[in-house]
Amino acid sequence: MPISITLIGGPTALIEIDGFRLLTDPTFDAPGAYQLPHVKLEKTIGPAVRSDAIGPVDAVLLSHDQHSDNLDNSGREYLLNAKRALTTEAGAKRLGGQVEGLAPWGTTHLKDGDGNMLTITATPARHGPAGIEPLSGDVIGFVVSSSRKDTTSVYITGDTTWFDGVAEVARRFKCGVVMPFAGAAQTRGPFHLTMDTNDTIETARAFPDAMIVPVHTEGWAHFRQNSEDLRKTFDVLGFGTRLRLLEPGVPTVVEAP
């Protein structure tokens, strides 16, 4: 079955799969400066779709809750009113309410009235180089697998760089759509906190049967690379046909190559 993805902006995307609607890292605030405990982040582009125009979703998939470029004030309100919300175990405790926490490799399920089911598996993520964990906190990604044999699995990396955890996801799951959180984010040092072009290529190599659909490439001043950098890199290295760049606000059907 086809999978439709609508890029809202930054890391926020609406995924429609087998009648289920999933929203990644909700960020709906307007452009402006956002002060975190140790750094100020500047949002340069607002969301392509307002939160009240999205409608209800079956689950919000939140990679982590401590950075405003992944969960801002409007996004938090949306998440806390959603039917279900999944995030890290530590994040679930901070957010409270009905938010559910998952450890890496933990699973949960979404079911509809017709017997269709999605299995959502939390995946390891590392928000920067080795040793970053005390600064960045816990982060997870997600693999979404359908009970329908004709629907491919979707891997949402969350805020991570390429590391052994991502490679292990590739060993455990065959995914036809991979959504890397790219942009080469850089804030407190000369190192990247999310995937750069090299990391995204490594991810594409690890998932040879997947269409690569990057998010988290535009909208914030601390992103050091954008979708055009990815396009040039993929074209030079012969992966160009496997890269699908999304136009914000436009539902796009994505199929495995």
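The structure under discussion appears in the preceding block.
Residues numbered from 1 in each chain as written. Predicted model: local features only at pLDDT ≥ 70, side-chain atom pairs only at ≥ 80, totals over all residues. Heavy atoms only, no water.

(A) The arrangement of the pattern of salt bridges in detail. Following the criterion strictly, the structure yields 11 salt bridges and no others. Where Glu-168 meets Arg-172, a salt bridge forms, and the shortest distance between an N and an O atom there is 3.0 Å. Here Glu-168 pairs with Arg-172, and both are found in helix α5 (residues 164-172), just 4 residues apart, close to one helical turn. You can call Glu-168 partly exposed: its relative accessible area is 23%. You can call Arg-172 partly exposed: its relative accessible area is 46%. Ionic contacts of the salt-bridge type, sharing partners, join the residues Glu-168, Arg-171 and Arg-172 into one network. (Salt bridge = Lys/Arg side-chain N within 4 Å of Asp/Glu carboxyl O. Helix = DSSP H or I, 4+ residues; strand = E, 2+ residues; numbered from the N terminus. Buried < 20%, exposed > 50% of the residue type's maximum accessible area, 1.4 Å probe, protein only.)

(B) Expanded view of helix α2 (residues 73-80). Considered for burial, the residues of α2 that qualify are Gly-75, Tyr-78 and Leu-79. Within α2, the buried residues cover an arc of 100° as seen down the axis, which keeps them to one side. Exposed and oriented more than 90 degrees from the buried face of α2 are Asn-73 and Glu-77. (Arc of directions from axis to C-beta.)

(C) Molecular detail of the packing of aromatic side chains. By the definition in use, this model includes 4 aromatic pairs. Here the aromatic rings of Phe-28 and Tyr-78 are separated by 5.6 Å at their centres, their planes lie at 55°, and the arrangement is tilted. Of the two residues, Phe-28 sits in the loop between β3 (20-24) and β4 (32-35) while Tyr-78 sits in helix α2, which places them 50 residues apart along the sequence. Look at Phe-28 and you get buried, because its relative accessible area is 8%. Residue classification places Tyr-78 among the buried positions, given a relative accessible area of 14%. Considering the side-chain rings of Phe-234 and Phe-239, the 6.1 Å spacing of their centres and the 75° angle between planes classify their relative orientation as edge-to-face. When sorted by exposure, Phe-234 lands in the same class as Phe-239, which is buried. (Phe/Tyr/Trp six-rings, centres within 6.5 Å; stacked < 30°, edge-to-face > 60°.)

(D) Region of interest: unusual backbone geometry. Although it is not a glycine, Asp-18 sits at a positive phi angle of roughly 55°. The residue Asp-18 is located in the loop between β2 (12-17) and β3 in this model. A relative accessible area of 11% means that Asp-18 is categorised as buried.

(E) Looking closely at the pairing of strand β10 (residues 117-124). Extensive coverage of β10 is indicated by the burial of 7 of its 8 residues. Across 5 bridges, the pairing between strand β9 (residues 107-111) and β10 is antiparallel. By the bridge assignment for β10, His-109 is matched with Thr-119. The hairpin formed by β9 and β10 contains 5 residues between the paired strands, and Gly-115 there has a positive phi angle of roughly 90°. Of the strand pairs in this sheet, β10 and strand β11 (residues 140-146) are connected by 7 bridges, and their pairing is antiparallel. What sits directly across from Ala-122, in β11, is Phe-142. (Pairing = 2+ DSSP bridges.)

(F) Molecular detail of the layout of surface pockets. Taken as a whole, the largest pocket holds about 410 Å³ of empty space. Forming the walls of the largest pocket are 23 residues, and the residues nearest its centre are Leu-36, Gln-66, His-67, Leu-135 and Arg-188. In terms of residues, the lining of the largest pocket owes the most to one element, helix α4 (residues 133-136), which gives 3 residues. A volume near 260 Å³ is recorded for the second largest pocket. If you trace the second largest pocket, you find 21 residues lining it, with Leu-7, Gly-9, Gly-10, Glu-218 and Pro-248 closest to the centre. Looking at which element gives the most residues to the lining of the second largest pocket, the answer is strand β1 (residues 3-9), with 3 residues. (1 Å grid on protein atoms, 1.4 Å probe; cavity = no way out; pocket = protein on both sides within 12 Å on 5 of 7 lines; lining within 4 Å. Points joined across faces, edges and corners; volume = space filled by probe spheres on them.)

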